[in-house]
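Structural features, examined
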Amino acid sequence: MEYVITTNKLSKTYAKAKKPAISNVNLSIEKGEIFGLLGPNGAGKSTLTLLLTTLTKPSSGDGLVGGHSIASAPNKVRSCLGYCPQKASLDEELTAWENMILYAQLAGLAGRKAKKCVEELLEEAGLTEKQHNLTKSYSGGMSRRLEVMGAMIGRPQVIFLDEPTIGLDPAFRRELWQQILKARENGSTIFLSTHYMEEADELCDRIAFIDAGEIKVVGKPNELKNALGEVVHLRIFSDTNAAAIAEKIKELDSGAKILNAPNELHIFTFRGEAMSSALIQTLKLENLPIKSISYSGATLDDVFLHYAGQRMFEETV
Amino acid sequence: MNTIKQSVTIGVRGIRHLIHHPITMVFTLFNPLVWFFIYGQLSKDVAQIPGFPSDNYTLFVLPGVLGIAVLSVTLFNANNVVFDKWNGYFAKLLSFPISRISLAMGYSIDTMIQMLVILTLLFIIGLPFTGGLAAGWIGVILVYILSIMFGFSMTFLGLSMSLASSTAWEFFGMVNFIQLPMFFMSSALFPQDFMPKWLSVVAQFNPLSHYVNAVRSLYIDGLDWSVVGTAAGVLFLFNILLFLLVNSIYRKVVAV
């Protein structure tokens with residue numbers, strides 16, 4: 001198996017910070033993968049991306065990108081990556097063509113090769129007609145598409161996309177997904193940081209959940225969900241009954257994992273349907289009232305809940 | 001791609017801005033022109049004071065105006081770094097396999113080109129009022145050399161402030177804090193002999209005074225290597241000091 005990115009106990013603590021932004025991260029990302037990094041805001045996604053793109057130095061540990069150390073050979077790392085930051089990365093006072101040709105030249109392409117590469121990417125992004133307009137006249141979606149294409153210049157070995165679809169409408173988001181899939185077809189490995197579950201589910205071969213600077217779990221989306229089976233979500237009137245209800249659940253399924261949230265219980269079980277109906281009857285008999293009960297196959301949000309112990313805010317696509 | 005090519009590539013970005021927005025040059029020119037025409041007219045009688053180095057105040061003040069122009073273009077153009085840092089463009093540039101120093105050089109090239117354009121325009125505008133330089137063509141070449149030296153030192157100062165600032169307001173605050181005192185505590189508007197003693201001493205340590213004195217001597221007195229040489233030496237020293245300053249801040253900010 002050929003790995004394009006590996007990290008070994010990678011950690012980063014910013015100056016004056018009390019806690020590490022990321023701590024002891026060990027990851028191995030295969031060549032040609034679309035790898036998703038998911039987590040809530042402030043979980044450490046951007047810090048890990050900044051470390052792997054050599055935009056900040058590790059406090060301890062190391063990582064290899066394209067076989068080069070991020071700590072000791074950052075410029076070699078830069079020569080094999082493309083990066084689309086979370087913040088806007090276009091010069092709005094330049095045209096799309098000027099932005100892209102500048103990127104191409106800085107990526108080491110020159111003359112006709114640079115021109116051809118830019119022409120192809122602009123065409124792929126559907127921006128050929130507007131290539132000589134200043135990018136400040138572009139819509140948010142057009143700008144973001146151009147920024148993502150900017151990370152693909154020179155068909156780099158690894159493309160880092162930090163929240164590439166944040167704030168985009170569903171149509172533009174899906175268009176970008178197609179461009180990301182095409183970049184993978186062209187041989188690039190994609191490292192995608194996102195907090196959209198559906199995006200990770202649809203695009204990523206494997207995902208890692210990060211929370212409070214630590215990787216909680218890594219795996220294929222379906223395998224992660226299937227490993228949890230089903231989830232019963234129970235809404236209760238008062239937390240004072242939570243312990244008694246949890247006891248009844250354990251009597252019904254001793255293997256179930258129960259997570260408490262304010263006025264809520266989340267039950268991870270492989271017997272969702274049977275558990276739900278049995279639970280309704282038992283709680284009625286025991287005079288333990290509930291607001292609502294539902295069960296479903298585990299979602300990625302449930303996977304995060306299971307490993308991080310809390311819900312991650314999810315927007316619908 | 002070597003460092004020079006990378007620096008030029010980044011520098012060309014600023015030139016493209018100018019091509020898209022040529023009107024910005026008019027705004028940049030406006031301030032020095034106000035000093036030249038309005039202030040020059042208001043203060044023209046000062047030249048009649050016995051002992052004043054020239055009987056033509058317009059001729060006297062033009063080198064000061066050139067100095068103001070170099071100072072403001074170089075200091076204010078560093079705001080590009082502040083905005084690039086703020087909006088994420090700086091990080092994007094740093095993600096490319098370019099030498100770290102090429103980024104600072106690229107910003108400097110952009111600034112120096114703008115400074116030279118403004119300098120040339122002011123030089124041409126001033127010609128009918130000053131009759132050119134007493135030092136002739138060699139004087140013109142020396143004015144450009146001195147301007148580049150002074151311009152680079154102030155570019156380094158501007159970059160230092162922009163790299164050290166976390167917000168645009170902080171940067172503009174710092175520029176105002178430096179620019180106005182530097183301007184008024186120099187020989188840009190009046191000869192040092194006419195200043196209060198303490199101010200004259202302060203002006204002696206001001207690179208703007210040395211630049212203006214040398215350019216003024218080329219305009220009024222002709223070629224005097226001792227004046228030009230002293231100014232070049234002082235400006236060289238300021239370049240070294242300010243380069244060391246920007247280099248240390250730059251290393252901390254870029255740090256990768």
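Just so you know, these numbers come straight off a predicted model, no measurement behind them.

Let us now look at the pairing of strand S11 (residues 230-236) of chain A. Residue and element names in this part refer to chain A. The buried fraction of S11 amounts to five of the seven residues, a majority that puts the element mostly inside the structure. When S11 meets strand S13 (residues 264-269), the two strands line up antiparallel, connected through six bridges. Paired with Arg-235 across the strands is Glu-264, a residue of S13.

Before going further, it helps to spend a moment on the sheet that holds S13(A). Residue and element names in this part refer to chain A. Read across the open sheet, the four strands follow the order S12-S13-S11-S14; overall the sheet is antiparallel. Because the sheet does not close on itself, it has two edges, and the strands there are strand S12 (257-261) and strand S14 (290-297). Geometrically, the sheet is characterised by an average inter-axis angle of 15 degrees between neighbouring strands, direction not taken into account.

Another aspect to go through is the confidence of the model for chain B. Detailed reading of predicted coordinates is not advised where the pLDDT is low. Per-residue pLDDT for chain B averages 91, and the proportion of residues at 70 or more is 99%. Predicted complex metrics record ipTM = 0.85 and pTM = 0.86.

Annotation of chain A at the domain level lists domain 1 (3-220) and domain 2 (230-297). If you average the C-alpha positions of domain 1 of chain A and of domain 2 of chain A, the two centres end up 41 Å apart.

Let us look at the interface of chain B and chain A. Contact with chain B, which involves 20 residues of that partner, is made by 24 residues of chain A. For the side of chain B that touches chain A, the elements supplying multiple residues, two or more each, are helix H1 (3-20) and helix H5 (89-94) of chain B. In terms of residue count, the dominant contributor to the side of chain B that touches chain A is H1(B) (six residues). Class assignment for the residues of the side of chain B that touches chain A results in nine nonpolar, eight polar and three charged.

Further remarks concern the sheet that holds strand S8 (residues 189-194) of chain A. Residues and elements named next belong to chain A. The six strands are arranged S6-S7-S8-S3-S9-S10 in an open sheet whose pairing can be described as mixed. Each edge of the open sheet is held by one strand with a lone partner, namely strand S6 (81-84) and strand S10 (214-219). Geometrically, the sheet is characterised by an average inter-axis angle of 15 degrees between neighbouring strands, direction not taken into account. Bridging between strand S3 (residues 34-38) and S8 involves five bridges; their strand directions are parallel. Bridge pairing in S8 links Leu-38 to Thr-194. Sitting on the sheet, helix H11 (residues 300-308) is in contact with strand S9 (206-211) and S10, with an inclination near 45 degrees to S9.

The next thing to look at is the packing of helix H3 (residues 57-77) of chain B against helix H10 (residues 207-220) of chain B. Residues and elements named next belong to chain B. Two elements in contact, H3 and H10, have axes whose closest approach is 9 Å; the angle formed by their N-to-C orientations is 140 degrees. By the criterion of interaxial angle, the relationship of H3 to H10 is oblique. Note that H3 runs across H10; the crossing there is right-handed. Residues Leu-59, Phe-60, Leu-62, Pro-63, Gly-64, Leu-66, Gly-67 and Leu-71 of H3 pack against Leu-208, Tyr-211, Val-212, Val-215, Arg-216, Tyr-219 and Ile-220 of H10. Residues belonging to the contact of H3 with H10 are distributed by class as follows: twelve nonpolar, two polar and one charged.

For the rest of this paragraph, the subject is the pairing of S13(A). Residue and element names in this part refer to chain A. Two strands pair when backbone bridges link them, and S12 and S13 are joined in this way by five bridges, in the antiparallel orientation. Among the inter-strand pairings, Asn-260 is bridged to a residue of S13, identified as Leu-265. Between S12 and the antiparallel strand that follows it, S13, lie two residues; Asn-263 among them carries a positive phi value of about 55 degrees.

Definitions and limits used
Each chain carries its own residue numbering, running from 1 in the direction its sequence is written. Each chain is given a letter, starting from A, and each ligand a number, starting from 1, according to the order in which they appear as written. In view of the model being predicted, local features appear only for residues whose pLDDT reaches at least 70, and side-chain atom pairs are presented and counted only at 80 or more, with totals across whole chains, interfaces and linings using the full set of residues. The burial label depends on the number of other C-beta atoms within 10 Å of a residue's C-beta. Counts of 20 or more mean buried, 12 or fewer mean exposed, and intermediate counts mean partly exposed, with C-beta atoms placed from the backbone. Helix numbers and strand numbers start at the N terminus; a helix is a DSSP run of H or I with at least 4 residues, a strand a run of E with at least 2. Paired strands, in this sense, are two strands between which DSSP finds at least two bridges. Axis geometry follows a simple rule: fit a line to the C-alpha atoms, using only the stretch in contact for helices, then measure angles between N-to-C directions, giving values from 0 to 180 degrees. Known as pLDDT, the predictor's per-residue confidence is scaled from 0 to 100. Residue ranges for the domains trace back to a domain assignment, done automatically or taken from a database. Residues are treated as contacting if the C-beta atoms built from their backbones sit within 7 Å of each other. In this count, Pro and Cys sit with the nonpolar residues alongside Ala, Val, Leu, Ile, Met, Phe, Trp and Tyr, while Asp, Glu, Lys and Arg are called charged and the others, Gly among them, polar. Orientation categories follow fixed angle ranges, with anything under 35 degrees roughly parallel, anything over 145 roughly antiparallel, 65 to 115 roughly perpendicular, and all other angles oblique. By definition, turning the near helix anticlockwise from the far helix through less than a right angle yields a left-handed crossing, and turning it clockwise yields a right-handed one.

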